[in-house]
Amino acid sequence: MGKLIFLCGTNYPTSICFIVVNEFCERFSYYGMKAVLTLYFLSYLKWDKNLSTAVYHAFSGLCYFTPILGAVIADSWLGKFKTIIYLSIVYVIGHVVKSVGAIPTVGNTDVHIGLSMFGLILIALGTGGIKPCVAAFGGDQFEEEHIKERQKFFSIFYMSINAGSVLSTLITPILRGDVKCFGDDCYALAFGVPAALMVVALAVFIFGSGMYKKTPPQGNVLGEVCKCIGFAIKNRWNSSKDDVKRKHWLDWAEDKYSKRLIQEIKMVLRVLVLYIPLPMFWALFDQQGSRWTLQATRMNMAFVSPSFSRHLNMLNALLILVFVPIFDLIIYPLPLGVEGNTIINSIFCLNLCKLQDPSTYEPLPLGAPNKELSIDVTFTGRSYSCRHEFEERKAYSLIVHQKAPGIECKLVEDYIIKNEDGNPNVRFFNTFPEAMNVTVGETEFYVPPDYSMSANSAVNRGSYPAVRCSHQSKKSENLNLGLLDFGASYTFILREKDGKIVAEKMEDVKANNVHIAWQIPQYALITAGEVMFSITGLEFSYSQAPNNMKSVLQAGWLLTVAFGNVIVLIVAEGAGLEQVFFSLFTTFCVSFPQWKEFLLFGGLLLGVCIIFSFMAYFYTYVDPEQLSKMYAGDSGKKECEEEEDDCDNTKKKEKRDVIPLTEKGRSTKL
């Protein structure tokens, strides 16, 4: 064990500097790679959107399930220090394999896919395995009397995570897009730089080796825990009515296992039960990358780039860097009746702004997937009948114009689903007897003659005062289309007025009327909730864990994140409801409006908050150090009150049960 050296004038060990820098570099490595991963699947491996999304979420989920493996190895076999070293090496190898798989000259597509998947598995093992160990190892560096310093360390630790996330999310996409290699986007460099940062993280961590306080592993703790629980359940099941009643079902294991182990298991189980409702927070929190991004595309992005919605996730990490010092220095010291920041708090955020949905259409009951309907039209006192075939779940416009000897009806299918990038849709209706070509920005429209409609295409948001329109009989003319705003769908009717061609605008789908700036408050609220929830959760998991199960309980905390991801994966991706809901409420405005969906998730989390508040109220805090001292000499057997021979036999048993406290080479019992 290295000798602890403290920073000048403080109770902070110097060793935590190496741990924080290591975490910063490791998070830069992880989030930098992840920032371009989906694009790599889509544009390099040529996967479709669904497969890319599924693999991305599967990888993210695996990264939060592997902490259990790392925690077991650390607490039962290698110890935290060696576990971090060995799994970091696996982590580096995974990055290198991933980078090699992105080099076009290395094999064919199958080789690239194989290397990429193998690399991602190694990265998941590495990042997940060290995740609970680094946080717990940092907490180990503090003496028990320095509780406040340890709490602040977890805040600094969390800030380093988000600092690495912000920088990597900015830098890595630039390396991919702006730097060209092998004649295309340089994914090899975009993955190679995170690999280099992971090498730096490993080197920094090893460099501080001599300063660390290293707690040795204490055998197969998880195995003993499982055996103890199994023995207690078996004893309880086989007990008779005449047996002495026990206060707790785990007390039935006292015949074989020490009271100390039983109490430690009780501690862990109490905390794990407390964690049961928490995945719902992460399920809502993780919607920043799905539902909230989708919401952003349905908002007005005036004064910002349409691609701004894809970078909003960075706002969360930036706000973390701002909020953590504010909460540590201002909020937590306030006399609010809360014991420090060791009680887990949570805030749920909810945006109830009703977004503009498409124009209202009159529903036509068909009673079949498709059906021919007769539509009666009255014009100049005469009645006409128009017959057209309609399909379910589609929107149509009926165009009626005069044509000898009466009228002519044309049925046109409307495209009223808003674009994912927020850009407006445009189409042109030609009333002239000859075809026309219209150029809007860089998009060309061919408009057929004689009351026909052009194809529907997306254009960039902006003002178009002079759009080129050309046809055979006349010179090219300029059309004034005005402002084409975010989220809208427009139909322009080309007709003659005062000897000139004019474009009369019809707004089929209203423009987004809620500005994207309204998302900032909800990001601020969810970030405030994350600061109070996640940082205190890390510290709570450490402080309430027995000394020999610190990493295991950290892994238990991270599992709440994993199960939150599973909820999102099942609801939004696995069941395919996201696409269904989006299609339905953007097409028909009736099935499941977005604001109601947010209200549903917010209400669910509010219910979880209430349940968790009751659970937390009845939770009793335990000091693991005090527990260790109390049961330091306990063997799990009754006191020797009979013959000396029985006492000798019990002492032999104690050697297997007691975790001794050594003082000058002799066993000390309390």
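A quick note: this is a predicted structure, and the numbers were derived from the prediction, not measured. Numbering of residues begins from 1 in every chain and follows the order in which that chain's sequence is written. This being a predicted model, a pLDDT of at least 70 is required before a residue's local features are given, and a value of 80 or more before pairs of side-chain atoms are given or counted; all residues contribute to the totals for chains, interfaces and linings. With hydrogens and water set aside, each side-chain value is computed from the structure's full complement of heavy atoms.

A. Structural detail: the overall build of the protein. Runs of E in the DSSP output that reach at least two residues are strands. Runs of H or I that reach at least four are helices, and both are numbered from the N terminus. Counting secondary structure elements, the protein contains 19 helices and 19 strands. Summary of the burial criterion: residues with accessible area below 20% of their type's maximum are buried, those above 50% are exposed, and those between are partly exposed, where the area comes from a 1.4 Å probe applied to protein chains only. Counting all 670 residues of the protein, 50% fall into the buried class. Of the contacts made within the protein by residues no fewer than 6 positions apart, 69% connect residues no fewer than 24 positions apart. Shrake-Rupley sampling with a 1.4 Å probe provides the accessible areas, and residues are treated as covered by the protein chains on show and by no other component. Accessible surface, the protein: about 32,700 Å² in total, of which carbon and sulfur atoms supply 61%. Residue contacts follow a heavy-atom distance rule, with two residues in contact if any of their heavy atoms lie within 4.5 Å.

B. Here's a closer look at the sheet that holds strand β14 (residues 477-479). We call two strands paired when DSSP finds no fewer than two bridges between them. Ordered by their spatial adjacency, four strands build an open sheet running β9-β8-β13-β14, and the pairing between neighbours is antiparallel. Every other strand in the sheet has two partners, leaving β9 (443-447) and β14 as the edge strands with one partner each. For this sheet, the mean angle separating the axes of adjacent strands, direction not counted, is 25 degrees. In this description, a line fitted to the C-alpha atoms serves as the axis of each element, helices being fitted only across the stretch in contact, and the angle between N-to-C directions of two axes falls anywhere from 0 to 180 degrees.

C. Expanded view of the state of the cysteines. Note on disulfides: each one is a pair of cysteine sulfur atoms within 2.5 Å. Under the definition given, this model contains one disulfide. There is a disulfide in this structure between C386 and C409, and the S-S distance comes to 1.8 Å. One end of the pair, C386, is in strand β4 (residues 382-391); the other, C409, is in strand β6 (residues 406-414), and 23 residues separate them in sequence. Taken as a pair, C386 and C409 share a single burial class, namely buried.

D. The arrangement of the environment of N425 in detail. Looking at the element boundaries, N425 is found in strand β7 (residues 425-430). It is 5.4 Å that separates the C-alpha atoms of N425 and S457, two residues lying 32 residues apart in sequence. Here a polar contact is recorded for every N or O atom pair within 3.5 Å, except that within protein the pair must consist of a potential hydrogen donor and a potential acceptor, and residues adjacent in sequence are included only if both atoms are side-chain atoms. Looking at N425, its side chain comes within polar contact range of the side chain of S489, at 3.5 Å.

E. Up close: the packing of aromatic side chains. Between rings of Phe, Tyr and Trp, where Trp is taken as its six-membered ring, a pair exists when centres lie within 6.5 Å; planes separated by under 30 degrees are stacked, by over 60 edge-to-face, and by other angles tilted. The final tally for this structure, using the stated rule, is 41 aromatic pairs. Relative to W47, the ring of F41 has its centre 4.9 Å away and its plane inclined at 25 degrees; by these criteria the two rings are stacked. Residues F41 and W47 agree in their burial class; the two are buried. Their ring planes at 80 degrees and their centres at 6.5 Å tell us that W282 and W557 sit as a pair that is edge-to-face. Of this pair, W282 sits in helix α11 (residues 279-285) while W557 sits in helix α15 (residues 550-574), and the two are 275 residues apart along the sequence. Across this residue pair, the class does not change: W282 and W557 are buried. By the ring-pair criterion, three or more aromatic residues cluster together here, those being Y12, F142, F153, F154, F157 and Y542.

F. Up close: the environment of G119. Mapped onto the elements, G119 comes out in helix α6 (residues 109-140). For the pair G119 and H95, spaced 24 residues apart in sequence, the C-alpha to C-alpha distance is 6.2 Å. Those residues within four positions of G119 in sequence are excluded, and the remaining contacts are G94, V97 and K98.

G. Expanded view of helix α2 (residues 37-44). Residues of α2 that are buried: L37, Y40, F41 and Y44. Down the axis of α2, the buried side of the element spans an arc of 110 degrees, and every buried residue falls inside it. Count one or two residues on from α2 and you reach K46, which has phi positive near 65 degrees. By arc we mean the arc of the directions from the helix axis to the C-beta atoms, nothing more.

H. Looking closely at the confidence of the model for the protein. With 82% of its residues at a pLDDT of 70 or more, the protein shows a mean pLDDT of 79. Across the protein, the secondary-structure element scoring lowest on mean pLDDT is strand β19 (residues 666-668), at 31, and the one scoring highest is helix α5 (residues 80-101), at 94. Per-residue pLDDT stays below 50 along residues 337-358; that stretch engages in 72 contacts with residues further than four places along the chain or on separate chains. Values of pLDDT, which run from 0 to 100, indicate the predictor's confidence residue by residue. Taken as a whole, residues 635-670 scores under 50 in pLDDT and shows 35 contacts with residues more than four places along the chain or in a different chain.

I. Main features of helix α10 (residues 259-274). Taking 1.5 Å of rise per residue, the 16 residues of α10 would be expected to cover 22 Å, and the 23 Å separating its terminal C-alpha atoms lies within 8% of that figure. For α10, the complete set of buried residues consists of R260, L261, I262, E264, I265, K266, M267, V268, V271 and L274. In a helix, the anticipated span is given by 1.5 Å times the number of residues less one.

J. Representation of the side chain of S29 within the structure. For S29, the location among the structural elements is in helix α1 (residues 15-35). The buried category is assigned to S29, whose relative accessible area is 0%. Engagement of the side chain of S29 in a polar contact is seen with the side chain of H95, the distance being 2.5 Å.

K. The pairing of β9, seen in detail. Where strand β8 (residues 436-440) lies against β9, five bridges are found, and the strand directions are antiparallel. Bridged to M436 within β9 is V447.

L. Representation of the pattern of salt bridges. Put simply, a salt bridge is a Lys or Arg side-chain nitrogen that is within 4 Å of an Asp or Glu carboxyl oxygen. Counted under the stated rule, the structure contains 15 salt bridges. Across the pair K510 and E507 runs a salt bridge, and its minimum N-O distance is 3.6 Å. Note on K510: relative accessible area 38%, which makes it partly exposed. One network of salt bridges, in which partners are shared, links E23, E26 and R27.

M. A look at the packing of α1 against helix α8 (residues 187-207). Where α1 contacts α8, the two axes come as close as 8 Å, and the packing angle between them is 165 degrees. Considering the angle they form, α1 stands roughly antiparallel to α8. In this structure, the crossing between α1 and α8 has a hand that is left-handed. In this structure, α1 contributes F18, I19, V21, N22, C25, E26, F28, S29, G32 and M33 to the contact, and α8 contributes F191, V193, P194, L197, M198, V200, A201, L202, V204, F205 and F207. Residue polarity is assigned by list, with Asp, Glu, Lys and Arg as charged and Ala, Val, Leu, Ile, Met, Phe, Trp, Tyr, Cys and Pro as nonpolar; anything else, Gly included, falls into the polar class. Residues belonging to the contact of α1 with α8 are distributed by class as follows: 17 nonpolar, three polar and one charged. The scheme is simple: roughly parallel for angles under 35 degrees, roughly antiparallel for over 145, roughly perpendicular for 65 to 115, oblique for anything else. Each helix crossing is assigned a hand: it is left-handed if the near helix lies turned anticlockwise from the far helix by less than a right angle, otherwise right-handed if that turn is clockwise.

N. Broad picture of the pairing of β4. Of the pairings in the sheet, the one linking strand β3 (residues 370-379) to β4 comprises ten bridges and is antiparallel in character. Across the sheet, I375 pairs through a bridge with C386, a residue of β4. From the end of β3 to the start of β4, which pair antiparallel, there are two residues, and T380 there has a positive phi angle of about 50 degrees.

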